[in-house]
Amino acid sequence: MRFLKGHGTENDFVILPDPDGELELTAARVAAICDRRAGLGADGVLRVVRTKVSPEVSHLAGQAEWFMDYRNSDGSMAEMCGNGVRVFARHLIDAGLTDPAEFAIATRGGLRAVRVDAEGEISVDMGLPRVLGESVATVAGQEYTGLHIDVGNPHLACVIGDPVTQLVLDHQPAFDPAVFPTGVNIELLNAVGPRRAVMRVYERGSGETRSCGTGAVATAVAAAHLAGESTGTWTVEVLGGRLTVTLTAETSYLAGPAVIIASGELAE
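Given the structure is predicted, the values throughout are model-derived calculations rather than measurements. Here the residue index of a chain counts from 1 through its sequence in written order. Restriction of local features to residues with pLDDT of at least 70 applies here, the model being predicted, together with a cutoff of 80 or more for giving and counting side-chain atom pairs; totals for whole chains, interfaces and linings are based on all residues. With hydrogens and water excluded, all non-hydrogen atoms of the structure serve as input to the side-chain values.

**Section: the side chain of Arg-200**
Item 1. We count a stretch as a helix when DSSP gives it H or I for four or more residues in a row; a strand needs E for two or more, and each element gets its number in order from the N terminus. Within the secondary structure, Arg-200 sits in strand E12 (residues 196-203).
Item 2. Engagement of the side chain of Arg-200 in a polar contact is seen with the backbone oxygen of Leu-167, the distance being 2.7 Å.
Item 3. At 2.8 Å, the side chain of Arg-200 forms a polar contact with the side chain of Glu-208.
Item 4. Working rule for contacts: check all heavy atoms of both residues, and any pair within 4.5 Å makes them a contact. Residues within four places of Arg-200 in sequence aside, it is in contact with Val-164, Thr-165, Gln-166, Leu-167, Leu-169, Ile-186, Glu-187, Leu-188, Glu-208 and Leu-239. Here a polar contact is taken to be a pair of N or O atoms separated by no more than 3.5 Å, where protein atoms must pair a possible hydrogen donor with a possible acceptor and residues adjacent in sequence count only if both atoms sit in side chains.

**Remarks on the layout of surface pockets**
Item 1. Residues are called lining when one of their atoms sits within 4 Å of a cavity or pocket point, these points coming from a 1 Å grid over the protein atoms alone, where a cavity is a set in which a 1.4 Å probe fits but cannot get out and a pocket is an open set with protein on both sides within 12 Å along at least five of seven lines. Grid points are joined across faces, edges and corners, and a volume is the space filled by probe spheres set on the points. Here the largest pocket is characterised by a volume of approximately 170 Å³.
Item 2. Taken together, 14 residues line the largest pocket, and the ones lying closest to its centre are Val-221, Glu-229, Ser-230, Thr-231 and Leu-247.
Item 3. Of all the elements, helix H3 (residues 213-226) adds the most residues to the lining of the largest pocket, at three residues.
Item 4. Of the residues in the lining of the largest pocket, the class split is eight nonpolar, five polar and one charged. Note that Gly is not counted as nonpolar here; it falls among the polar residues with everything else outside the nonpolar set of Ala, Val, Leu, Ile, Met, Phe, Trp, Tyr, Cys and Pro and the charged set of Asp, Glu, Lys and Arg.

**Quick notes on helix H2 (residues 82-94)**
Item 1. Given a rise of 1.5 Å per residue, 13 residues ought to cover 18 Å, and the 19 Å separating the end C-alpha atoms of H2 matches this to within 8%.
Item 2. Counted residue by residue, H2 has 12 buried out of 13 residues, so it is predominantly covered.
Item 3. Among the residues of H2, those classed as buried are Gly-82, Asn-83, Gly-84, Val-85, Arg-86, Val-87, Phe-88, Ala-89, Arg-90, His-91, Leu-92 and Ile-93.
Item 4. Gly-96 lies just past H2 and shows a positive phi near 70°. Multiplying 1.5 Å by the helix residue count minus one yields the expected span of that helix. Note on exposure labels: buried denotes an accessible area under 20% of the residue type's maximum, exposed denotes more than 50%, and partly exposed covers the range between, all computed with a 1.4 Å probe on protein chains only.

**Here's the deal with helix H1 (residues 27-34)**
Item 1. When we look at burial in H1, the residues that qualify are Val-30, Ile-33 and Cys-34. Buried residues of H1, viewed axially, fall in a sector of 95°; they line one side.
Item 2. Looking at the buried residues of H1, the elements they touch are strand E2 (11-17), strand E3 (44-50) and strand E4 (66-72). When we speak of the arc, we mean the arc of directions from the helix axis to the C-beta atoms.

Dropping the structure here:
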């Protein structure tokens with residue numbers, strides 16, 4: 001099985017080229033690949049498959065040649081991954097599988113349009129985030145109120161006063177399963193300056209990660225809400241680096257680095 005390894009602000013992924021959808025990618029196999037001691041180690045798997053041979057997104061084949069079949073490190077499927085789609089795009093460009101100027105990628109969360117600037121930074125149109133109300137996350141017995149935000153996948157973004165650098169996030173924060181029946185990505189953030197936030201994230205199906213692209217968008221929305229704003233460009237600092245989120249009245253954009261660091265063959 002051929003693989004590549006890449007990351008976006010240290011949110012890392014194993015990429016599995018499978019253009020004709022021939023791999024039997026079970027949850028157990030994904031979890032084994034992502035194991036950081038017995039496997040390659042990753043926050044998730046990006047399977048590269050043609051949209052037209054993927055029944056769940058085949059209706060998008062006329063708009064996007066490639067489908068990002070994203071799996072969390074525990075093997076569960078996810079709708080979207082903002083850092084993942086940038087790493088996926090980097091692979092398509094490097095492999096000569098797409099027009100590098102501008103193209104679309106199919107995901108379970110819908111189409112994502114990609115642009116590459118002159119410096120090679122990849123920007124993704126993430127769609128218009130939807131604020132669906134408030135809910136509460138509990139971390140080490142402390143309750144934090146946040147915004148329920150849909151970024152193609154569910155988020156609970158909590159602006160807090162406690163320094164996020166001091167939080168212990170080695171266990172799943174508690175949340176309301178009636179609000180999030182399929183689980184939720186939880187962001188804890190400090191608004192630390194004009195249009196700037198520091199964020200940590202516990203991802204559904206992966207645990208705490210060094211970065212989360214959709215979480216950065218949710219973080220920008222929550223920080224903007226706190227400031228009484230709804231549009232603008234926000235810098236979101238994560239454990240693995242820095243992302244830029246631009247909020248407009250119609251959509252949102254996520255920009256940041258994406259690199260491929262290795263390739264090889266994985267034993268069956």
